[in-house]
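Coordinate analysis (summary)
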Amino acid sequence: MIESPPLADGAPLDIAVVVATYNNQSALQRVLDALRYQTRLPDEVVVADDGSGEGTRLVVEEFAASAPFRVEHAWHEDRGFRAAAVRNLGIRSTRSAYIVCLDGDCLPAKRFVEDHLRVAEKGCFYVGRRVLVDRERSTSFDHRDANSVWRRLRLLATGHLSCAQHMLRLPFLPARRSVSAKSVRTSNFAFFREDIYAVNGFNEGFVGWGREDSELAERLFKYGLRRKDQRFLALCFHLWHESNDMSRLQTNDALLQMTLDSPAYFCVNGLVRASREV
């Protein structure tokens, strides 16, 4: 078993994975299975459910019954695409000092958790990489494909994978630190608990697809953090899905611009609100 890197006080760093999902039981089941096959198991997994039906609850309950770590199902009612709010819900349900956000259609490779712990660094948040799985193969791609070199090479040779350069695992290459929000995706995104609470999490004013991840990154920069990238670690495989409804993108762009124009890093409409018991 891979050990966690220690905190400054010598205690091991515990880690939670928050998996955001909505009515995609097949993909969620495979993501959860992949978390069971990690070289370093997570200490807890929280399924942050954006209002799915009964089928998702049953998948989580069945998984939790045999998982070797804590599993929580955090659900709120379906009121449209609310990625920011449901990730906050998942974060509030965790107990760990380090938190990884993962989407429910992104299968983690077997060293995913190990790698996130390897690169965890005070003063930084971490943006992981993803390989894209095409429409045809996404219906059956699972942890065996993610973790077998030969299976991955065969899928690459037959055109089922793209952005495949990220499949290389090169743990000793130097990391890059920056204050660039370009291509920040919270489908594979990690931070310390104290930092996400310092900025009050995701801005729940973002409804519909787009920009809630970039806006969070900008506030983390204002708080004083840097983005850490190490291209060949903490890999996940993103399963194909239909394009999201982008009708709210213009509104969300305006919210992002408000953050860019403001010196504030704390989001009022976030993890903790006066009207909500936490």
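Residues numbered from 1 in each chain as written. Predicted model: local features only at pLDDT ≥ 70, side-chain atom pairs only at ≥ 80, totals over all residues. Heavy atoms only, no water.

A closer look at the nonpolar core
For clarity, the cut-off: Residues belong to one nonpolar core when they are buried, are Ala, Val, Leu, Ile, Met, Phe, Trp, Tyr or Cys, and are joined through side-chain atoms within 4.5 Å. Only protein chains enter the area calculation, which uses a 1.4 Å probe; residues under 20% of their type maximum are buried, those over 50% are exposed, and those in between are partly exposed. Helix and strand definitions follow DSSP, with helices as H or I runs of at least four residues and strands as E runs of at least two, each counted in order from the N terminus. Contact criterion: two residues are considered in contact whenever any of their non-hydrogen atoms come within 4.5 Å of each other.
Among the nonpolar cores identified, the biggest contains 45 residues, and V17, V19, L32, L102, F141 and F237 are the most heavily contacted of them. Among the elements that take part in this core, helix 1 (residues 25-36) stands out by supplying five residues, more than any other. Apart from residues lying up to four places away in sequence, L32 is in contact with V45, V47, V59 and F63. Of all hydrophobic cores here, the second largest spans 27 residues; its members include F125, V184, F191 and V199.

Thoughts on the sheet that holds strand 11 (residues 226-229)
Operational definition: Two strands pair under a simple rule: DSSP has to find at least two bridges between them. For helices, the fitted line uses only the C-alpha atoms of the stretch in contact; every axis is such a line through C-alpha atoms, and the angle between N-to-C directions lies from 0 to 180 degrees.
Taken together, eight strands build an open sheet; the order of strands is 3-2-1-4-10-6-11-9 and the sheet is mixed. Strands with a single pairing partner mark the edges of an open sheet, and in this sheet they are strand 3 (70-75) and strand 9 (176-178). Between one strand axis and the next, the sheet turns by 25° as a mean value, whatever way the strands run. With three bridges joining them, strand 6 (residues 124-127) and strand 11 adopt parallel strand pairing. Looking at the pairing, F125 lines up with R227 of strand 11. Seen against the sheet, helix 2 (residues 54-66) touches strand 1 (15-21), strand 2 (44-49) and strand 3 and runs at an angle of roughly 165° to strand 3.

A few points about the pattern of salt bridges
The condition that has to hold: Within this document, salt bridges are pairs made up of a side-chain nitrogen of Lys or Arg and a carboxyl oxygen of Asp or Glu, the two lying within 4 Å of each other.
Evaluation of the coordinates by the stated rule reveals 23 salt bridges. Here D103 makes a salt bridge to R87, at a shortest N to O gap of 2.8 Å. Placement of D103 in strand 4 (residues 98-103) and of R87 in helix 3 (residues 83-92) is noted, with a sequence separation of 16 residues between them. Judged on exposure class, the residue D103 and its partner R87 are both buried. The residue R111 makes a salt bridge to E114 at a minimum N-O spacing of 3.0 Å. One network of salt bridges, in which partners are shared, links R111, E114, D115, R118 and R169.

Remarks on the confidence of the model for the protein chain
The following threshold applies: A residue's pLDDT is the confidence the predictor assigns to it, expressed on a 0 to 100 scale.
The predicted model of the protein chain has a mean per-residue pLDDT of 91, with 94% of residues at 70 or higher. Segment residues 1-5: pLDDT under 50, and 14 contacts once partners within four positions in sequence are set aside and those in other chains are kept.

Regarding a nonpolar patch on the surface
We count it as follows: Each patch is built from salt-bridge-free residues with over 30% relative accessible area, joining like charges within 9 Å and nonpolar side chains (Val, Leu, Ile, Met, Phe, Trp, Tyr) within 5 Å. Here the open area of atoms and residues is found with the Shrake-Rupley method and a 1.4 Å probe, where only the protein chains shown may cover a residue.
On the surface, V149, W150, L153 and L156 cluster together into a nonpolar patch covering about 420 Å² of accessible area. If you trace the backbone, V149 turns up in helix 7 (residues 149-157).

Notes on the sheet that holds strand 8 (residues 161-162)
The strand order 5-12-7-8 describes an open sheet built from four strands, whose pairing is mixed. Each edge of the sheet is formed by a strand with only one pairing partner; in this case those strands are strand 5 (106-108) and strand 8. Sheet topology note: the strand 7 (residues 129-133)/strand 12 (residues 235-239) ladder contains five bridges and is parallel. Opposite R130, over in strand 12, you have C236 as the bridge partner.

Quick notes on the pairing of strand 2
Short version of the rule: Handedness rule for crossovers: strands pointing away from the viewer, path from the first strand over the helix to the second running clockwise, crossover right-handed.
Where burial is concerned, most of strand 2 is hidden: six out of the six residues are buried. Alternating residues of strand 2 divide into E44, V46 and A48 and V45, V47 and D49, and every residue in both groups is buried. For the segment spanning strand 1, helix 1 and strand 2, crossover handedness is right-handed. Bridge analysis of strand 2 against strand 3 gives six bridges, and the strand direction is parallel. Residue pairing for strand 3: V45 is matched across the bridge by V71. Read from strand 2 through helix 2 to strand 3, the crossover connection turns out right-handed.

Some thoughts on the packing of helix 9 (residues 212-223) against helix 10 (residues 249-261)
This is how the line gets drawn: Any angle from 65 to 115 degrees is called roughly perpendicular, while one under 35 is roughly parallel, one over 145 is roughly antiparallel, and all others are oblique.
Here helix 9 crosses helix 10 at 5°, and the two axes come no closer than 9 Å. What the angle tells us is that helix 9 and helix 10 run roughly parallel. On the side of helix 9, the interface is formed by S214, E215, E218, R219 and K222, while helix 10 contributes L256, T259 and L260.

Quick word on the packing of aromatic side chains
For the record, the criterion: Pairing of aromatic rings covers Phe, Tyr and the six-membered ring of Trp, with a centre-to-centre limit of 6.5 Å; geometry is then stacked below 30 degrees between planes, edge-to-face above 60, and tilted otherwise. Sitting over a ring, as applied to charges here, requires NZ of Lys or CZ of Arg to be within 6 Å of the ring centre and within 35 degrees of the ring normal.
Within the structure shown, the criterion is met by seven aromatic pairs. Ring plane angle 40° and centroid distance 5.5 Å describe the contact between F125 and F221, whose orientation is recorded as tilted. Taken together, the positions of F125 in strand 6 and F221 in helix 9 put the pair 96 residues apart, joining distant regions of the chain. F221 shares its class with F125; the two are buried. Between the NZ or CZ atom of K122 and the centre of the ring of F192, over which it lies, the distance is 4.3 Å.

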